[in-house]
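Chain and residue survey
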Amino acid sequence: MHRESLKSLSEALAGGKISSVELTQLFLKRIAGFNARYNAFVTVDEERSLAQAREADNARAAGRAGPLTGIPIAQKDIFCAKGWLTTCGSKMLSNFVSPYDAHVVERLNEAGAVTLGKTNMDEFAMGSSNESSFYGPVRNPWNVDCVSGGSSGGSAVAVAARLAPAATATDTGGSIRQPAAMVGVSGLKPTYGVCSRYGMIAFASSLDQAGPMAKSAEDMALMMNSMAGFDARDSTSLERPLEDYSRDLAKPLAGLRIGLPKEFFAAGLPADIAQSVEAAIADYRKLGATTVEVALPNMKLSVPVYYVLAPAEASSNLARYDGVRYGYRTPEYRDLEEMYEKTRAEGFGAEVKRRILIGTYVLSHGYYDAYYIRAQKLRRLIAQDFVKAFEQCDVIMGPTSPSTAFRIGEKSSDPVQMYLSDIYTIGVNLAGLPGMSIPCGFDTQGLPVGLQVIGSYFDEARMLNVGHQYQLATDWHLRAPAGV
Amino acid sequence: MNGWEVVIGLETHVQLSTRSKIFSGASTAFGAAPNTQASAVDIALPGVLPVLNKSAVEKAIRFGLSVGARVNRRSIFARKNYFYPDLPKGYQISQYELPVVEGGSLTIVVGDAEKTVKLTRAHLEEDAGKSLHEDFHGETGIDLNRAGTPLLEIVTEPDMRSSAEAVAYAKALHGLVRWIDICDGNMQEGSFRCDANVSVRRPGEALGTRCEIKNLNSFRFLERAIEYEVRRQIEVIEDGGTVRQETRLYDPDRDETRPMRSKEDAHDYRYFPDPDLLPLEITEPQLAEVQAALPELPQVRRERYASEYSLTAYDASVLTSSREIADYFDAAAAGAPAATAKLVANWVAGPLSAKLNDANLDIGEAKVGAKQLRKLVERIADGTISNKIAREVFDAIWEGEASGDDAADAIIDKRGLRQISDSGELEKIADEVLAKNAQQVADYRGGKEKAFNALVGQVMKATKGKANPQQVTEILKRKLT
């Protein structure tokens, strides 16, 4: 049962083959058995989950059931969930029980989904390997000595190890797509503004976006139907009618124009990744798609631009963790200054501190124009590159990550190396576009490779169609790690 | 202060009278128990986001239009980053490079002269919370009820040249924001507070170094703080020192200003556009709608009073110090000839204001209504009663002796206060007075003008003030020549 898709679980619940309580117990049991090995969950609260499952069963009995009613899902610990410990992977919030639900959580609850637990993540979503979590690294189920990718590593592994049929995640510079690629699951970062950021703990407000992780594009469409939607409490949320993201899944791909940016296939891309991605593109051609080479000339600037803008916003967003109102406070201090200093020195990990310092620096008087303003201008150029490319194609494809999962500890002493893990994903966030990663093969070590699909604004339904048609024709997404 | 020129600019924080906060739905009502009006957004829980209150924007536009300023079609909310325990987010959302209102001016009246104070800008921002230092045994309590309260910060050019001008500006601004109903003007509750930037220079020289005096919440403190600061700066310079740029606080108990911080913190606020808020866009129809709903402004009314009723600038400014007073005056003076209107103005600014002050009442609570006052003034104008008797009638109406628009007539009749204009009767009384006061008659005839006034007084006394003084004078003059 734990290998089933969301869709078939939903059918099983609808047909009375299993109750939500039974299904929830099944996954809770798997978590209890495997979490020590993978460290994918930070918080599990069986009673809370089962209470929700009972409610879902009652709703179903009363004839009030939707496609997600009774389905257990994992929530990234960046989402505030009422009554749940919500840590954001940080010591700073290690005692924070949220008094309210994030919009995304609220929407999923309304749809009847059951929260299985809160998943591990890089501290405040800052990281590409899940090694910056206060709760320790998440391990890759394909090889437990390897990282899961980050920052949504916990959600990715929950799905990959079949500890949850689907999970919520967030993506600021690749945090959904990169771990999805590294553990062999599907992940979608929607257009900026499609999912409300209300209740999603902010890292870099202008880049953060929530999205689903699941075993397939078809399941992600189901998740999106309950995650997306306008929210008046988020001023950057887009006021559009609710969409049915499943509506285009069955469309044939004949005539689809795929753009291949030459910058995505340049030297430095390992041969085994290149081969998997090219094979996937060949499969698309077989499905009737055509390809065209496009250019993203400012792509190379996306990493430096990102590492000016994201830390700038983060340095400000994280100022609220000062020990005054909630969260961690240092036990001993003489005065206010010392309370602030020690609280933040003890409460934040190294990567978070590094980014706060970078952000503070680039916003400070005398440097603001040289860094922040300049980065904003370049951000616009990067976005324009994509707009131009989409004049020639419907979707853009390329690798999700320049490497497959690396060994734990391998890059943790070299932040710049780590930052380059997101080289193919960051531009999408800077432009506010939707991006997706789906499994498309394995490297010579047997580690998963992801195919990145980038769509035009609000083109999620087509992207999911593109993913689903590929997944009908291939079985990469069905492969699970040994023992799972 | 001889040989010195004083230069003053003011920054005023006007609390906008919206029902909810500028970025959250929490109430802005004053006086609630600590932290009961602080929502998740106001206490900056992880993940919460600001949503701009439309009513605050509408009030900012209203202000911009009333001072002839440019209302920017696009303005930006920025984050001003600094750490303070009563600043929950670690930044204050304010407007920095592109404020909602730029330019404009306010006309003030100092004595009987008008002066225009230019405005630099007005921008929207949120207030911080409050630190409570008492009752916490050496620790500090935080009340976040005020956090997120909408403020309009109104900044002037350094256009004022004396504390009197600064106070006149503050009063005019205070009157205006209440007039256009964007602020309740309650200074005790902190709804209207000024920071004064003060410097001195020799006339013709470049601007001197300024000091900023923070949080002046009464006109008297504003005046005294500036005066103290001017004296202090002149003394420093005349003693051969230099004024240091700093932020100072006014201590009303000791009537002095003193530096706010011991060491000079060089604050770098790291302003940048708030990525949680879209740029504020104001459309033409929105502007037109606010413009259409704007009441006749005090300046326009002052000009109307001057041209319609020939009131002095001073009288007009007193009558337009609040919309309620001006409306009362308009109701009382409507359609009256200039002379009557002038009398109404005197009564509103004089006896009525005095009564209201004594009773601590607003003009809306006046116990002599506008129409009642109008009738009373008409009875003075048509000679039915004297000014002096009118005071008696006014007091009687105030005490509730008669009601309705014709209360004045009712009291005049009931108390028999009508002026004696019957010349036969007056002649008789005059003869009696002259007969009883032979000495004064002789004095007057001997050239002592003062004696005549005494005789008039005697006649007035004999008629209990009801005689028409002009008629009495004529009769006495005739009889004494």
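Residue numbers restart at each chain and count upward from 1, following the sequence in its written direction. For this description, chains carry letters from A and ligands carry numbers from 1, given in the order in which they are written. Only residues with pLDDT of at least 70 are given local features in this predicted model, and only at 80 or more are side-chain atom pairs given and counted; all residues enter the totals for whole chains, interfaces and linings. Hydrogens are left out, water is left out, and the side-chain values use all remaining heavy atoms of the structure.

Points about the overall build of chain A
Here a strand is any run of E in DSSP of at least two residues, a helix any run of H or I of at least four, and the numbering for each starts at the N terminus. When helices and strands are tallied, chain A shows 15 helices and 13 strands. Radius of gyration: over C-alpha atoms. The globule rule applied is 2.2 Å multiplied by the number of residues raised to the 0.38 power. Compactness check: chain A gives a C-alpha radius of gyration of 21 Å against a globular reference of 23 Å for 484 residues, within 12% of the reference. Oriented by its inertia axes, the alpha-carbon framework of chain A measures out at about 65 × 55 × 45 Å. In this analysis, two residues are considered to be in contact whenever any of their non-hydrogen atoms come within 4.5 Å of each other. Within chain A, contacts between residues separated by at least 24 positions form 76% of all contacts whose residues are at least 6 apart in sequence.

Side note on empty space enclosed by the protein
All names here are of chain A. Only protein atoms enter the 1 Å grid, on which a cavity is a set of points fitting a 1.4 Å probe that cannot get out and a pocket is an open set with protein on both sides within 12 Å along at least 5 of 7 lines, lining residues being those with an atom within 4 Å of a point. Grid points are joined across faces, edges and corners, and a volume is the space filled by probe spheres set on the points. For the structure shown, the criterion picks out seven cavities of 30 Å³ or more. The volume enclosed by the largest cavity comes to roughly 90 Å³. Contributing to the lining of the largest cavity are G193, V194, A228, G229, F230, L238, R240, P241, L242, E243 and Y245. Here the term charged refers only to Asp, Glu, Lys and Arg, the term nonpolar to Ala, Val, Leu, Ile, Met, Phe, Trp, Tyr, Cys and Pro, and the term polar to all other amino acids, Gly among them. Looking at the lining of the largest cavity residue by residue, the classes come out as seven nonpolar, two polar and two charged.

A word on a nonpolar patch on the surface
Residue and element names in this part refer to chain A. A contiguous nonpolar surface patch, about 280 Å² in accessible area, is contributed by Y361, Y367 and Y371. In this structure, Y371 sits in helix α12 (residues 369-389). Relative accessible area decides the class of each residue, using a 1.4 Å probe on protein chains only: under 20% of the type maximum gives buried, over 50% gives exposed, and in between gives partly exposed. The class of Y371 is partly exposed, set by a relative accessible area of 34%. Each patch is built from salt-bridge-free residues with over 30% relative accessible area, joining like charges within 9 Å and nonpolar side chains (Val, Leu, Ile, Met, Phe, Trp, Tyr) within 5 Å. Values of accessible area rely on a 1.4 Å probe in the Shrake-Rupley scheme; residue burial ignores everything except the protein chains shown. The salt bridge definition used is simple: a Lys or Arg side-chain nitrogen within 4 Å of an Asp or Glu carboxyl oxygen.

Section: a negative patch on the surface
Residues and elements named next belong to chain B. Under this rule, positive means Lys or Arg and negative means Asp or Glu; His and the chain ends count for nothing. Where a charge sits is defined by one atom per residue type, namely NZ (Lys), CZ (Arg), CG (Asp) or CD (Glu). A contiguous patch of negative charge, built from D181, E324, D362 and E365, is present on the exposed surface. Assignment of secondary structure puts E324 in helix α7 (residues 323-333). Taking relative accessible area as the criterion, E324 reaches 44% and is therefore assigned partly exposed.

A look at the side chain of B:T320
Residue and element names in this part refer to chain B. Along the polypeptide, T320 turns up in the loop between α6 (313-319) and α7. A residue is classified by how much of its surface remains accessible, and T320, at 4% relative accessible area, is buried. Not counting chain neighbours up to four residues away, the residues in contact with T320 comprise W179, P298, R301, R302, Y305 and A326.

Some details on the nonpolar core
Core analysis: the largest hydrophobic core is formed by 151 residues, its most contacted members being A:F124, A:Y284, A:Y321, A:F386, A:M397, A:L451 and A:L464. The element contributing the most residues to this core is helix α9 (residues 302-317) of chain A, with nine residues. Look past the residues within four positions of A:M397 in its chain and what remains in contact with it is A:I258, A:G259, A:L260, A:P261, A:F264, A:F265, A:I281, A:Y284, A:L451, A:Q452, A:V453 and A:V466. Grouped together as the second largest cluster of nonpolar side chains are 104 residues, B:V67, B:A69, B:I108 and B:L417 included. Buried residues of nine kinds, namely Ala, Val, Leu, Ile, Met, Phe, Trp, Tyr and Cys, make up a nonpolar core once their side-chain atoms join them within 4.5 Å.

With respect to the pattern of salt bridges
Residue and element names in this part refer to chain B. Here the structure, examined in full by the defined rule, presents 65 salt bridges over all chains. Between D255 and R224 there is a salt bridge; the shortest N-O distance is 3.1 Å. With a gap of 31 residues between them, D255 in the loop between β14 (246-251) and β15 (256-259) and R224 in helix α3 (residues 219-238) connect regions that are remote in the sequence. Among the charged side chains, a network of salt bridges with common partners joins E296, R301, R304, E308, D327 and D330.

With respect to unusual backbone geometry
The omega angle of the peptide bond from A:G150 to A:S151 is 5°, so this bond is cis rather than trans. Among the structural elements, A:S151 can be located in the loop between β5 (143-147) and α5 (153-160). Phi at B:D255 takes a positive value of approximately 50°, unusual for a residue other than glycine. Given the relative accessible area of 23%, B:D255 is considered partly exposed. Even without a glycine there, the phi angle at B:S310 is positive, about 55°. Within the secondary structure, B:S310 is located in the loop between α5 (298-309) and α6.

Considerations on the pairing of strand β7 (residues 186-189) of chain A
All names here are of chain A. Across the two faces of β7 the burial is the same, with S186 and L188 and G187 and K189 all buried. Strands were regarded as paired on the criterion that DSSP finds at least two bridges between them. Relative to strand β8 (residues 209-214), β7 is paired through two bridges, and the arrangement is antiparallel. Bridging across to β8, G187 finds its partner in M213.

In short, geometric facts, not functional conclusions.
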